[in-house]
Each structure stands twice: as C-alpha cells, then as structure tokens.
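Descriptive analysis of the structure
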Amino acid sequence: MNKIIALILLLPSLAFANADEYTILIKNHRFEPAELTVPAGKKIKLIINNADSTPEEFESYELKREKVIPGNAKATIFIGPLTPGKYPFFGEFNEATAKGTIIVQ
Amino acid sequence: MFGTAVIVFREVLEAALIIGIVAAATRDVPNNRRWISAGVILGLLGAMILAGFTDKISELASGMGQELFNALILIMAVFMLAWHNIWMASHGKELAANARNVGKAIKDGVKECSILLTVVGFAVLREGSETVLFLYGIATSDQVEVFSMLLGGAIGVAAGVAVGYTLYKGLLRIPMRWFFSATSILVLLLAAGMASQAAGYLIQSDLIPSLASPLWDTSETLPEKSVLGILLHSLIGYDARPAGMQLVFYVVTLVTISIGMKLTNNQPNKNKLQVAA
C-alpha cells in the first residue's frame, strides 16, 4: 500500500523529469535569447524571466500559448512535444521589440 | 498609438461581442440594461483588482494559477450560458403562455439577471485585466508617447464597444418568430467556444493531454489575428490550430446543451395540451 502511495506521489516529478528546461530572459522589452533551439518530440519546460518592471504577455499563435508575466517575476510555460520547424513568439504588450523564435530540430 | 488601439480593440471586442449577444438574448428580462451595466462595472473593478494580484495568482498551483483561473472563469460562464439556454428559454415560453404566475416570473427574472450579471462580469474581468495590465505598463513607462498610446487605448475601447453595440442592434432587428432560435444558437456556440478556450488553458497548464495538436492548421487561409478570425473566434470559438481535446470540449458542450434544450422544450407543449383538455 505504502509503495503505491509513494509511486502516486512520484508521478508528477516523473512527468517533470522528462521535460528539458530552458530559460528566456525579458529585458528592455526584448527576449534573450531571441532564438532558442530545442529538440523535437520532447516536452520542454520554458522559464520566462521578466527582468523588466512592467508586465509582459508571452504569446505565440504557433505554440498556442498565452501567459502574462508580471514585472520582475518568472513564469513557467510547458510546450511540446513539437514537430521540427520554426515557432515564432512575441510579447503582446511590447510587440514592436519583443519578438523571438523557437527552432525545433 | 495605432498599435495600442489594435491591442485594446482585440481585448475589448471579445467581451463586447459576448455582452451584445447576452443583452439581446435577455431583451425581455426586466431591467436587463441595469444588470448589464452592473456586470460591466463589477467586471472592471474586478479586472483592476485582478491585475494588481497577477503576480500572486501566477504563483498559485505551481505557477499555473493564471491558466487555472482563466479555465475556471470560462467553465463557470459555460454553465451559466447552458443554464440560460436550457432552463430560462423554456420557462420564458411557459411564462408567456401563463402570465398569471407573476411571483414565478419575478423569481425567474432574478435568476436570469444573476446569469446576466455573472456572464457579463466574467467577460469584462477576463479581457479587462489584460487590458489594465497593458495600459498600466504604458502609463508607468518613461516613453514620451504615453499620451498618444493612452489615446490609442481609448480609441480601441470605443471601437470594440461600437462593434458589440452594432451586433446587439442587429440582433434586435431579427423578426420575433426567429429571434428566439437565433439568439439560442448564438449563445450555444458562444458556450461551446468558451469550453474550447477553457480546454486550451487546461492543456497549457499540463492538466489534460492535448490529443493531436494541432488537429488542423488553417492559419494560412484564415489567421486568428485577422479581423474575421477574431470575430469568428469570439462568436463561434474558431481556432486556427486547435488541439484535439479542444474539439472534444467543444462538441461535448454543444451536444449536451442541445439535448438539454430539446428535453425542456417538450415540456411547455405538454402543459399546453393539459390546458386544452
């Protein structure tokens, strides 16, 4: 019984263990790096670190993701598994400068 | 300025279309305008409070608080719209046929008003909090064009409200014998679209699997960011790259509410027969 409970408790960590982790920094309303290469067919954990004092919205039509990141805060976004290709993303609140692409290989 | 107007327009439009449909569908509810205004005001107040707590909400549920909050709000709105279509629609017919029951009419009117208040309030809350955050970002930035950008925001709000109002006025022009079916279908599709959006947030938070993502890709033919794409997204839940699970949520909501409407629609007929006998 205890073993089963332990297994159930471990399940979430197993799911997360599969995800590769990548960090993207937002500074002066720009993404750093603006181009990020990730492997195809895998779940990816993106950590967006907003170093600006103003909020930003990470958005991508191609990735189907939309998330507000408060000023001076971090947010986690899971993406994938993805097929190879280019997946542009942008910061909706500063679309002129905040642009980037995730390249899946 | 133009960029700001477009972003604010996009956010406001979605809420305005929802309000336009719901306002038309509840045209016979006493004081419906007052309840809609109350929903808008409460929604705006809520949006400002919500915007202030974004960082707190984001931290909840291992950083997935935003997704869960949005999904919850959408699912609650779906239930409210379903309730409207299934219960209130049939009660409305019954009441029209049986005007003596004033007490029941008032009771149902109050129920209908609470639906109005919630759906309108939630729509404004969801779209408004993003707009508030966006405008706050502009207002606190040290850019020189702050005024012109805020003016752009005002233009965006006005344009969005104008489209919603046009839809409302257009719906009211539908002849009475089709009006009921037309607004029910619009509310039905609105609810299904919201369910699909909720599924999108639950997929993003990794709570449910996406099942084939994307199921199809029509972003070349009809991009979601085009005017027609935004309109169809808000009205019928159009998605250029839907996940399989979103379609499941969409169809289940559509079928469930339709069956509910069919079942309750048969009851007034029974009553009519009894009256005739």
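Residues numbered from 1 in each chain as written. Chains lettered and ligands numbered in written order. Predicted model: local features only at pLDDT ≥ 70, side-chain atom pairs only at ≥ 80, totals over all residues.

1. A few points about the overall build of chain A
- Helix and strand counts for chain A stand at 1 helix and 9 strands.
- Mapped from its N terminus to its C terminus, chain A presents α and β elements in the order α-β-β-β-β-β-β-β-β-β.
- When the 105 residues of chain A are sorted by exposure, 30% land in the buried category.
- At a minimum sequence separation of 6, the contacts of chain A that also span at least 24 residues come to 58%. (Helix = DSSP H or I, 4+ residues; strand = E, 2+ residues; numbered from the N terminus. Buried ≥ 20, exposed ≤ 12 C-beta atoms within 10 Å, placed from the backbone. Contact = placed C-beta atoms within 7 Å.)

2. Details of the sheet that holds strand 2 (residues 30-32) of chain A
All names here are of chain A.
- Taken together, the 4 strands give an open sheet; going across it, the order is 2-1-4-7, and neighbouring strands pair in mixed fashion. Edge strands, defined here as strands with exactly one partner in the open sheet, are strand 2 and strand 7 (73-79). For this sheet, the mean angle separating the axes of adjacent strands, direction not counted, is 25°. (Pairing = 2+ DSSP bridges. Axes fitted to C-alpha atoms, helices over the stretch in contact; angles between N-to-C directions.)

3. Quick notes on the interface of chain A and chain B
- Listed per partner, the contact involves 17 residues of chain A and 21 residues of chain B.
- If you list the elements that add at least two residues to the side of chain A that touches chain B, you get strand 6 (65-69) and strand 7 of chain A.
- The element best represented in the side of chain A that touches chain B is strand 7 of chain A, accounting for 4 residues.
- Counted by class, the side of chain A that touches chain B contains 9 nonpolar, 2 polar and 6 charged residues. (Nonpolar A, V, L, I, M, F, W, Y, C, P; charged D, E, K, R; others polar.)

4. Description of the nonpolar core
Residues and elements named next belong to chain B.
- Ile21, Leu116, Val119, Val120 and Ala191 are the most contacted members of the largest nonpolar core, which totals 88 residues.
- For this core, the element with the most residues is helix 1 (residues 2-25), which contributes 16 residues.
- With residues up to four places along the chain from it excluded, the contact list for alanine 191 reads Val78, Leu81, Ala82, Thr253 and Ile257. (Core = buried A, V, L, I, M, F, W, Y, C linked by C-beta atoms within 7 Å.)

5. Some words on helix 6 (residues 146-172) of chain B
- The end-to-end C-alpha distance of helix 6 of chain B is 39 Å, a good match for the 39 Å that 27 residues give at a rise of 1.5 Å each.
- Within helix 6 of chain B, burial applies to Met149, Gly152, Gly153, Gly156, Gly160, Gly164 and Leu167 of chain B. (Expected span 1.5 Å × (residues − 1).)

6. Notes on the sheet that holds strand 9 (residues 99-104) of chain A
Residue and element names in this part refer to chain A.
- In space, the 5 strands of this open sheet follow the order 3-9-8-5-6, with mixed pairing throughout. The open sheet is flanked by strand 3 (35-38) and strand 6, the only strands paired with a single partner. Within this sheet the neighbouring strands show an average axis-to-axis angle of 20°, counted without direction.
- For strand 5 (residues 56-60) and strand 8 (residues 85-91), the ladder comprises 2 bridges, and the chain directions are antiparallel. From the neighbouring strand, glutamate 59 faces strand 8, where its bridge partner is phenylalanine 90.

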